[in-house]
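Topology and contacts: notes
Residues per chain are reported as follows:
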There are 2 protein chains.
Amino acid sequence: MSNYVVGVDIGGTKIYTALATIDGQVQAETKVPTIPSDKYEGVLNRIVETVEEVQRQAGVSGGLLRVGVGAPGPLDVASGIVHEAPNLGWVEVPLKDSLEKRLGAPVYLDNDANLAAWGEYIYGAGRGTSDLVYITVSTGIGAGLVLGGRLYRGASYGAGEIGHLTVLPDGPECRCGNRGCLEAIASGTAVTRKAWRMIAGGGGKGILESAGGSIDAVTAATVGEAGLRGDPEAQALFVEVGYWLGIGVAGILNLLNPSVVVLGGGMVGSASLFWGALEEEVGRRAFKSARKSVSLTTAKLVERSGVLGAVAYALKPE
Amino acid sequence: MSNYVVGVDIGGTKIYTALATIDGQVQAETKVPTIPSDKYEGVLNRIVETVEEVQRQAGVSGGLLRVGVGAPGPLDVASGIVHEAPNLGWVEVPLKDSLEKRLGAPVYLDNDANLAAWGEYIYGAGRGTSDLVYITVSTGIGAGLVLGGRLYRGASYGAGEIGHLTVLPDGPECRCGNRGCLEAIASGTAVTRKAWRMIAGGGGKGILESAGGSIDAVTAATVGEAGLRGDPEAQALFVEVGYWLGIGVAGILNLLNPSVVVLGGGMVGSASLFWGALEEEVGRRAFKSARKSVSLTTAKLVERSGVLGAVAYALKPE
């Protein structure tokens, strides 16, 4: 029997893969970009290549004990089917079966936010605690929940959609079709949209500059760079993000009273621009006892939360 | 060793007590009003009387195996201290110790909403499922969570404060000190306040009538009676309640994807006045898959959810 497991974190922009021994020591890691035009077979090929790469790096040949895989989109943990992953162009793909055939090892599939939560719980900010909420703030906003020391998935694997808490009933339209979802107001996509509107209205000079003068190149990341360079309009956009994320986090504290809340995802690169506003709003809206008993932090594993969660899941699927 | 357990549900208006055999057969129940002037010793006396009463009814003498107790307010399950129960005038009372001395049996204390959730999970709407959220809509709004088949209490026993989710950031002030909490907009207290304002503004004739013509006698219950008799102003107030509760319930579905959501508490007596609006808003804001996999219902045990949960907790404390 093989003594190695592999974890794979499939994202909209990258595939991150790691190999570990069965006692959890990571031996090799690799990261490749996702190619948007790749579609399903192409992404499968890329995944297999990364697995071969980490085996090569670690000098390991032969079969793997188990492979843990985190994938975006609503999916079915039991059947291993991904229902929909718009960033990858996937609809109803049998990811578990496909990868088991290619890799010749049992594959355990879960939602990427769930495995990022699990990674932080086992190896990162949640070590030694029992209730952790991992919130990813990126193009969208989602969450993974570890409650009572176990990954909590809900009745149809749909738990953690914190981005679709209503925070402003008549607020902006969300891609989910509703209005006033947290994601429609505080995600990277929302920041980009607000920056565009600002520029279209004749403002946002510093924001435009950070994007090399092209409005098409303006993203949440370039707005963040402008803010970090001191641009007040960019900073104001992130203060707003902090206010709304604070409302969402306060809701989590009041409802779940977790011991740890971890913020991850691309927007956390600009955390210094919104953390103060976030803390202020949490302090205002969360119960003092819930605020006192939580550690509120950015992801300790940074971009490795997901892949290390996939490794931990491969080591002990449940 | 005794073969009997007792469950006690201490509310702001009544004490409900039941005795059961160790295989969970309820043998006797009793209910007495809480007397507001009673304070701590008085309530303890009333509780002891109800326990003696159910023992008498069941023809059982001698010690009890265990007593499960649900009490309002933030409390510490481990130490058995109730931090604050405004309706009872309690501050930092050692309820578990006091009752153990009086009753001569081990007492297991928990939050009343938690035990109501547990009651519905073991004996009511949640039988055979694993993830249940019980929402009590009364003078305040709170919840108990059963997740993965276990009562989920959070890091400092503070989980379930769904009444303090922000649903309208600049909304009305809440007794917790914040603005726009669900409780400040959709609780019985909020309905009463809106009815008062309506009457003060020269409207609400039918509402006033249901309260015998005295504005001081107007409560959420009398507004409900007016609505059930066909008064359109009362009905409009409850449609509003349904809208806001729907936003809260949709948030629960998106975040926790439970198999059952149970609504209990006094306001549920007027459920027919707000259920349609609630369902409509849930349908609008919750993910379809989460909506499809949940059973959304009023409490099957009606006012006995809490006392039967206390019995179940006494049978198997955890």
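Keep in mind the model is a prediction, meaning the values are calculated, not measured. (Residues numbered from 1 in each chain as written. Chains lettered and ligands numbered in written order. Predicted model: local features only at pLDDT ≥ 70, side-chain atom pairs only at ≥ 80, totals over all residues. Heavy atoms only, no water.)

1. Side note on the pairing of strand E4 (residues 66–71) of chain A
Residues and elements named next belong to chain A. Of all 6 residues in E4, 5 are buried; the element is thus mostly enclosed. The sheet contact formed by strand E1 (residues 4–10) and E4 spans 5 bridges and is parallel. Opposite Gly-7, over in E4, you have Gly-68 as the bridge partner. As defined by bridge partners, E4 adjoins strand E8 (residues 107–111) across 5 bridges and the pair is classed as parallel. From the neighbouring strand, Val-67 faces E8, where its bridge partner is Val-107. (Buried < 20%, exposed > 50% of the residue type's maximum accessible area, 1.4 Å probe, protein only. Helix = DSSP H or I, 4+ residues; strand = E, 2+ residues; numbered from the N terminus. Pairing = 2+ DSSP bridges.)

2. Examining the pattern of salt bridges
All names here are of chain A. Enumeration over the complete set of coordinates arrives at 28 salt bridges over all chains. The salt bridge involving Glu-53 is made with Arg-56; its shortest N-O contact spans 3.0 Å. Taken together, the positions of Glu-53 and Arg-56, both in helix H1 (residues 39–58) and 3 residues apart, correspond to about one turn of that helix. For Arg-56, a relative accessible area of 58% translates into the label exposed. One salt bridge connects Glu-209 with Arg-229, and the closest N-O pair in it is separated by 3.9 Å. Of this pair, Glu-209 sits in helix H6 (residues 205–210) while Arg-229 sits in the loop between helix H7 (220–228) and helix H8 (232–256), and the two are 20 residues apart along the sequence. Judged by its relative accessible area of 58%, Glu-209 is exposed. When its relative accessible area of 54% is taken as the criterion, Arg-229 is described as exposed. (Salt bridge = Lys/Arg side-chain N within 4 Å of Asp/Glu carboxyl O.)

3. A word on the domain arrangement of chain A
In many analyses, interface size is given as the accessible surface area lost on bringing the parts together. All names here are of chain A. With domains assigned, chain A is organised as domain 1 (4–112 + 304–315) and domain 2 (125–300). For domain 1 versus domain 2, the separation of C-alpha centres amounts to 27 Å. On the domain 2 side, the residues contacting the 7 residues of domain 1 number 5 residues. Regarding the contact of domain 1 and domain 2, the summed buried area is about 510 Å², with carbon and sulfur atoms giving 47% of it. For the domain 1 face of the interface with domain 2, the top three residues by lost area are Val-77, Asp-110 and Ser-305, together amounting to 53%. Taken together, the connections running from domain 1 to domain 2 amount to 1 salt bridge. Between Arg-153 and Asp-110 there is a salt bridge; the shortest N-O distance is 2.8 Å. On inspection of domain 1 and its partner domain 2, the count reaches 2 residue pairs in polar contact (both at pLDDT 80 or more). Among the secondary structure elements, those contributing two or more residues to the side of domain 1 that touches domain 2 are strand E5 (75–76) and helix H11 (305–315). (Domains from an automatic or database assignment. Contact = heavy atoms within 4.5 Å. Buried area = accessible area lost by both parts, 1.4 Å probe. Polar contact = N/O pair within 3.5 Å; in protein donor to acceptor, adjacent residues only side chain to side chain.)

4. Remarks on the sheet that holds E5 of chain A
All names here are of chain A. In spatial order, the strands read E5-E6-E7; together these 3 strands make up an open sheet with antiparallel pairing. Only two strands of the sheet have a single neighbouring strand rather than two, namely E5 and strand E7 (90–93). Here 3 bridges tie strand E6 (residues 81–85) to E7, and the two strands are oriented antiparallel to one another. For Val-82, the partnering residue across the bridge sits in E7 and is Val-93.

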